[in-house]
Amino acid sequence: MTSVLVLDVPENRPVVDVAATAETVTVEKIGPYFKVSAPGAIVIDRRATGCRHAVWYSSVAGLLDARITQWDKDAMRVEQR
């Protein structure tokens with residue numbers, strides 16, 4: 001399972017909301033974080049989130065059995081390690 005942790009603050013909420021639109025993605029609350037998980041890759045389109053670059057590049061708080069393979073102005077792709 002691929003998982004990324006995102007701090008639960010209003011600025012990061014669009015990242016979680018866009019990720020949750022994928023059929024295979026599940027979101028659960030763990031303490032002050034959202035745990036976004038999927039059996040395969042997680043792909044989040046930056047423009048769909050409406051996030052500015054500063055928020056986009058600071059949204060990831062941690063990874064669980066995952067690695068970021070793309071994180072640029074277009075998208076974030078997190079894959080299983």
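Every value quoted in this text rests on a predicted model; they were computed, and no experiment measured them.

Trainee: Before we go on, may I ask you to explain the packing of aromatic side chains in this structure?
Mentor: To describe a pair of aromatic rings, you give the distance between the ring centres and the angle between the ring planes. Within the structure shown, the criterion is met by 1 aromatic pair. With centroids separated by 6.0 Å and ring planes inclined at 45°, the aromatic side chains of Tyr57 and Trp71 adopt a geometry described as tilted. Of this pair, Tyr57 sits in the loop between helix H3 (53-56) and strand E5 (60-64) while Trp71 sits in strand E6 (residues 66-71), and the two are 14 residues apart along the sequence.

Trainee: What is the right way to read the pattern of salt bridges from this model?
Mentor: Two side chains with opposite charge may pair up if their charged atoms get near one another. Tallied over the entire structure, the rule returns 5 salt bridges. The partner of Asp74 in a salt bridge is Lys73, with the nearest N and O atoms 3.8 Å apart. Ionic pairing is found between Glu79 and Arg77, a salt bridge with its closest N-O pair at 3.2 Å. Linked through salt bridges whose partners overlap, the residues forming this network are Arg47, Lys73 and Asp74.

Trainee: Before we go on, may I ask you to explain the nonpolar core in this structure?
Mentor: With 17 residues, the main nonpolar core has Val36, Ile42, Ile44 and Trp56 as its most contacted residues. When residues of this core are traced back to their parent elements, those giving at least two are strand E1 (2-7), helix H1 (13-19), strand E3 (33-38), strand E4 (42-45) and strand E7 (75-80). Filtering out sequence-adjacent residues up to four positions away, Ile42 remains in contact with Thr2, Val4, Val36, Ser37, Met76, Arg77 and Val78.

Trainee: Could you clarify how one ought to interpret the sheet that holds E3 in this entry?
Mentor: In a beta sheet, neighbouring strands pair by backbone hydrogen bonds and run either parallel or antiparallel. In spatial order, the strands read E2-E3-E1-E5; together these 4 strands make up an open sheet with antiparallel pairing. The strands lining the two open edges of the sheet, one partner per strand, are strand E2 (26-30) and E5. The average angle at which neighbouring strand axes cross in this sheet is 25°, direction not considered. The pairing of E1 with E5 spans 4 bridges and is classified as antiparallel.

Trainee: Any chance you could explain the sheet that holds E6 here in plain terms?
Mentor: In spatial order, the strands read E4-E7-E6; together these 3 strands make up an open sheet with antiparallel pairing. The two strands at the open ends of the sheet, each matched to only one other strand, are E4 and E6. Geometrically, the sheet is characterised by an average inter-axis angle of 15° between neighbouring strands, direction not taken into account. Pairing analysis gives 4 bridges linking E4 to E7, with the strands arranged antiparallel. The partner of Val43 across the bridge, within E7, is Arg77.

Trainee: Is there a simple way to think about the side chain of Thr49 in this case?
Mentor: Note on placement: Thr49 falls in helix H2 (residues 46-49). Judged by relative accessible area, which is 8%, Thr49 ranks as buried. Separated by 3.1 Å, the side chain of Thr49 and the backbone nitrogen of Cys51 make a polar contact.

The rules we used
Residues numbered from 1 in each chain as written. Predicted model: local features only at pLDDT ≥ 70, side-chain atom pairs only at ≥ 80, totals over all residues. Heavy atoms only, no water. Phe/Tyr/Trp six-rings, centres within 6.5 Å; stacked < 30°, edge-to-face > 60°. Helix = DSSP H or I, 4+ residues; strand = E, 2+ residues; numbered from the N terminus. Salt bridge = Lys/Arg side-chain N within 4 Å of Asp/Glu carboxyl O. Core = buried A, V, L, I, M, F, W, Y, C linked by side-chain atoms within 4.5 Å. Buried < 20%, exposed > 50% of the residue type's maximum accessible area, 1.4 Å probe, protein only. Contact = heavy atoms within 4.5 Å. Pairing = 2+ DSSP bridges. Axes fitted to C-alpha atoms, helices over the stretch in contact; angles between N-to-C directions. Polar contact = N/O pair within 3.5 Å; in protein donor to acceptor, adjacent residues only side chain to side chain.

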